[in-house]
Amino acid sequence: MNEDTAPRAAWLDLVGLVAAVAVGLVVAARGFPLALFAAFTDLLLRGPMGPGVYAAAVVAMAIAVPALLPRLPGWPVAAAGLAVVLVADLADADVTKVLLPIEQGTTGEVALALAVTAGLGLALGGVLLALAQASPVARWWVGAGLSAGLVLHPVGSELFHAVLPRRAEHPSSAPAGQRGIGNDVDVEVWLALGLVVVAAVVAYVRRSGHGRAGSARVRPGPPLVVVAVAALFLLGLGLRMGTLREPGLSSAGRPGVESFAQVSAVVLAVVVALLLTTYAYRLGRAPAARWVVLGAAAAPVAAFQVPFAGPSSGTGTSLVLLFGILAVAGGALAGRHAARMLPWDAIGLVVAAAAGPLAWPEVRAELPSADTVGPVLVAVGLGLAFGSGIALVTASAGTPPIGQGGTASGPADGGPADGDAPAATDVPAAAPAVAPEGEPAGGRTGQWVGDLAGVLVLGPAALMLCASALAPVVVTSHVRGLMEEDPSLTLPLFTSVGAVLLVLLFGFARAVDRARPGPRAEAATAQMV
């Protein structure tokens with residue numbers, strides 16, 4: 001029985017929300033820029049691929065590792081990932097400099113840099129594992145917090161710089177007496193680590209995501225699939241780079257080379273997204289597939305668009321923060337209570353994609369307000385998309401998978417998405433339709449923790465891999481924009497196509513739900529027989 005009163009439980013859930021926000025800020029601020037290293041496959045067409053090209057793939061694989069540990073509490077796993085990042089900061093390790101292809105770092109420096117990137121992925125995967133282990137109400141708080149951190153990382157960094165004035169660009173460039181937690185480079189990591197430790201203690205005391213996860217089923221499939229897709233991604237990236245080096249292609253006109261470079265990057269991202277989406281659909285039907293499509297389609301916007309054209313004024317930062325928080329909260333509520341009304345994740349992606357043209361030089365010259373309106377639209381679109389997406393997938397993935405005693409109906413095929421109780425037809429014969437008081441319905445913190453954790457890691461993994469695949473297109477589009485040439489529509493189209501696919505998955509799930517008889521009709525049919 002849950003002994004927490006409602007006000008006390010709300011305050012304890014707030015701890016998880018704040019910790020998730022902090023982890024999301026750190027992972028996005030430090031992990032998303034790593035995807036840009038893949039752009040050097042176009043900028044430097046000589047020599048082998050630098051170690052930075054592997055950074056995004058390492059982060060994606062590290063995100064999936066905690067899915068192998070469903071019987072461990074997720075918050076300590078996240079703390080371990082942040083500790084690796086913090087140790088590198090205290091050791092004055094410049095990860096970005098070591099991973100640059102123009103630098104020749106030693107083997108030890110490169111290994112440490114890749115270990116830090118893995119720590120970022122482990123921190124995010126740990127929060128996703130804690131999300132899977134939490135009660136339905138706490139799961140909603142943690143999911144909304146993580147979405148807010150991932151979406152609002154640029155303004156979050158600006159706020160840190162405003163509260164804690166910048167003293168050094170990196171600990172290695174600061175005076176010896178000023179290095180440590182006082183530098184703005186690592187203060188976010190210190191704060192995130194402290195909040196995660198507090199969340200871990202709260203979860204242990206409440207035994208939410210700790211003691212009851214002992215019966216969780218280990219599902220090695222999702223991590224293995226992520227590793228396989230990441231390896232395929234690196235192979236495709238290597239083949240693409242080798243083709244660009246071919247003398248015949250290199251000696252051809254630049255338009256032909258640029259066309260191949262752009263098309264091949266998009267094809268690589270599409271292949272990665274399709275592989276992960278197909279596997280996710282097998283695990284959790286439509287909501288799981290929508291979660292992966294969301295991560296892949298939002299990749300170029302979430303990882304690059306706001307940092308390239310972010311707000312520069314205090315008013316712009318405040319507006320982005322305000323509307324972004326409201327969008328995440330509204331999306332989370334819509335995904336939990338109104339998932340069957342509209343495809344909120346697709347609507348969010350459309351809003352974010354529509355903000356892309358506002359960053360074009362011609363538009364910004366004609367509309368000075370575009371510098372503020374564009375980032376606000378991006379924050380609103382991504383907030384709505386990620387808030388509703390993570391609420392939908394966490395509410396639906398608690399039902400038993402196909403072949404495990406359930407029908408995978410309900411939210412997986414457009415059923416109820418409230419998250420507090422699955423439909424009666426979604427519960428196996430051995431499980432009660434109504435959970436004991438204080439326990440999540442359907443045993444979600446026990447038997448199916450591994451299933452939910454495996455589904456959750458697929459979305460961020462798709463985001464990192466697709467962002468890295470599209471990085472050359474992002475850099476090319478940005479350079480063309482600075483040169484006032486015709487801007488490319490490749491990235492808005494990529495995101496828009498993802499939104500269309502989300503709408504199709506939403507419609508398919510609704511059609512399947514209409515065709516399936518409800519529990520009462522099935523019971524009446526059984527009585528007649």
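Residues numbered from 1 in each chain as written. Predicted model: local features only at pLDDT ≥ 70, side-chain atom pairs only at ≥ 80, totals over all residues. Heavy atoms only, no water.

(A) Spatial organisation of the overall build of the chain. Helix and strand content of the chain: 19 helices and zero strands. Of all intrachain contacts in the chain linking residues separated by at least 6 positions in sequence, the fraction that spans at least 24 positions is 83%. Summing over all exposed atoms, the chain offers an accessible surface of approximately 21,400 Å²; the carbon and sulfur share of this is 68%. (Helix = DSSP H or I, 4+ residues; strand = E, 2+ residues; numbered from the N terminus. Contact = heavy atoms within 4.5 Å. Areas by Shrake-Rupley, 256 points an atom, 1.4 Å probe, with all protein chains shown as cover.)

(B) View of the pattern of salt bridges. Under the definition given, this model contains two salt bridges. For R219, the salt bridge is made with D451, and the minimal N-O distance between the two is 3.1 Å. A residue pair is termed long-range when its members are at least 10 positions apart, and R219 in the loop between helix 9 (184-206) and helix 10 (221-244) and D451 in helix 17 (residues 449-482) qualify at 232 residues. By relative accessible area, D451 is classed as buried at 8%. Between R290 and D345 there is a salt bridge; the shortest N-O distance is 3.1 Å. Here the residue R290 occupies a position in helix 12 (residues 254-308), and D345 occupies one in helix 14 (residues 344-354), the gap between them amounting to 55 residues. Considered together, R290 and D345 belong to a single accessibility category, that of buried residues. (Salt bridge = Lys/Arg side-chain N within 4 Å of Asp/Glu carboxyl O. Buried < 20%, exposed > 50% of the residue type's maximum accessible area, 1.4 Å probe, protein only.)

(C) Layout of unusual backbone geometry. Here the phi dihedral of R285 falls at roughly 60 degrees; this positive angle occurs in a residue that is not glycine. By secondary structure assignment, the location of R285 is in helix 12.

(D) A nonpolar patch on the surface, seen in detail. On the surface, L232, L235, L239, V263, V267, V271 and L275 cluster together into a nonpolar patch covering about 590 Å² of accessible area. Contributing elements (two or more residues each) for the nonpolar patch: helix 10 and helix 12. In terms of residue count, helix 12 provides more of the nonpolar patch than any other element does, four residues in total. For V263, the location among the structural elements is in helix 12. (Patch = residues over 30% accessible without salt bridge, like charges linked within 9 Å, V, L, I, M, F, W, Y side chains within 5 Å.)

(E) Region of interest: the packing of helix 3 (residues 55-64) against helix 6 (residues 107-133). Between helix 3 and helix 6, the shortest axis-to-axis distance is 7 Å and the interhelical angle comes to 35 degrees. The element helix 3 and its partner helix 6 pack so that their crossing is right-handed. Where helix 3 abuts helix 6, its residues A55, V58, V59, A62 and I63 lie against L114, T117, A118, G121, L122, L124, G125 and L128. The class makeup of the residues in the contact of helix 3 with helix 6 is ten nonpolar, three polar and no charged. (Axes fitted to C-alpha atoms, helices over the stretch in contact; angles between N-to-C directions. Left-handed = near helix turned anticlockwise from the far one by under 90°. Nonpolar A, V, L, I, M, F, W, Y, C, P; charged D, E, K, R; others polar.)

(F) Summary view of helix 10. Compared with the 34 Å implied by 1.5 Å per residue over 24 residues, the 34 Å span of helix 10 between its first and last C-alpha is a close match. Along helix 10, the residues classified as buried are P222, P223, V226, V229, A230, F233, L234, G236, L237, R240, M241 and L244. (Expected span 1.5 Å × (residues − 1).)

(G) Structural view of helix 7 (residues 136-151). With 16 residues, helix 7 extends 23 Å between its outermost C-alpha atoms, agreeing within 8% with the 22 Å of an ideal straight helix rising 1.5 Å per residue. Counting buried positions over the 16 residues of helix 7 gives 14, a clear majority of the element.

(H) Looking closely at the side chain of S147. With respect to the helices and strands, S147 occurs in helix 7. Within the local environment of S147, its side chain forms a polar contact with the backbone oxygen of G143, the two atoms lying 2.9 Å apart. Ignoring any residue separated from it by four or fewer positions in sequence, one finds S147 in contact with V328, F386, G387 and I390. (Polar contact = N/O pair within 3.5 Å; in protein donor to acceptor, adjacent residues only side chain to side chain.)

(I) Structural detail: the packing of aromatic side chains. Throughout the structure, instances matching the rule amount to two aromatic pairs. Here the aromatic rings of W140 and W141 are separated by 6.1 Å at their centres, their planes lie at 85 degrees, and the arrangement is edge-to-face. For W140, a relative accessible area of 19% translates into the label buried. We classify W141 as partly exposed; its relative accessible area is 22%. Ring geometry for W291 versus F386: centroids 6.5 Å apart, planes at 90 degrees, classification edge-to-face. Taken as a pair, W291 in helix 12 and F386 in helix 16 (residues 370-396) lie far apart in primary sequence, 95 residues in all. Residue W291 shares its accessibility class with F386, and that shared class is buried. (Phe/Tyr/Trp six-rings, centres within 6.5 Å; stacked < 30°, edge-to-face > 60°.)

(J) Representation of the nonpolar core. Within the largest apolar cluster, 124 residues are counted, with the highest numbers of intra-cluster contacts made by W75, F233 and L382. For this core, the leading source of residues is helix 12, giving 24 residues. If sequence neighbours within four positions are ignored, W75 has contacts with G16, A19, A20, G126, V127, A130, V142, V196, A199, A200 and A203. With five residues, the next largest nonpolar core counts A144, A148, V328 and A332 among its residues. (Core = buried A, V, L, I, M, F, W, Y, C linked by side-chain atoms within 4.5 Å.)

(K) Focus on the packing of helix 6 against helix 7. Packing of helix 6 against helix 7 leaves a shortest axis separation of 8 Å and a crossing angle of 155 degrees. By the angle class used here, helix 6 and helix 7 are roughly antiparallel. Helix 6 and helix 7 meet at a crossing whose hand is left-handed. Here helix 6 contributes L124, V127, L128, L131 and A132 to the contact with helix 7, which in turn contributes R139, V142, G143 and L146. Class assignment of the residues belonging to the contact of helix 6 with helix 7 gives a composition of seven nonpolar, one polar and one charged. (Parallel < 35°, antiparallel > 145°, perpendicular 65-115°, else oblique.)

(L) Structural context of the environment of L69. Counting through the fold element by element, L69 comes out in the loop between helix 3 and helix 4 (74-90). The spacing of L69 and G126 is 57 residues in sequence and 9.3 Å in space, taken between C-alpha atoms. Sequence-distant contacts of L69, that is, excluding residues within four places in its chain, are made with L129 and Q133.

(M) Quick peek at the confidence of the model for the chain. Residues of the chain with pLDDT of at least 70 account for 66%, and the chain-wide mean is 75. When pLDDT is averaged over each helix and strand of the chain, the minimum, 47, is found for helix 19 (residues 519-528) and the maximum, 94, for helix 3. In the model, residues 166-185 has pLDDT below 50 throughout and makes 35 contacts with residues more than four positions away in sequence or in other chains. Note that residues 398-445 has pLDDT below 50 and, in this model, 106 contacts with residues that lie over four places away or in other chains. (pLDDT = per-residue confidence, 0-100.)

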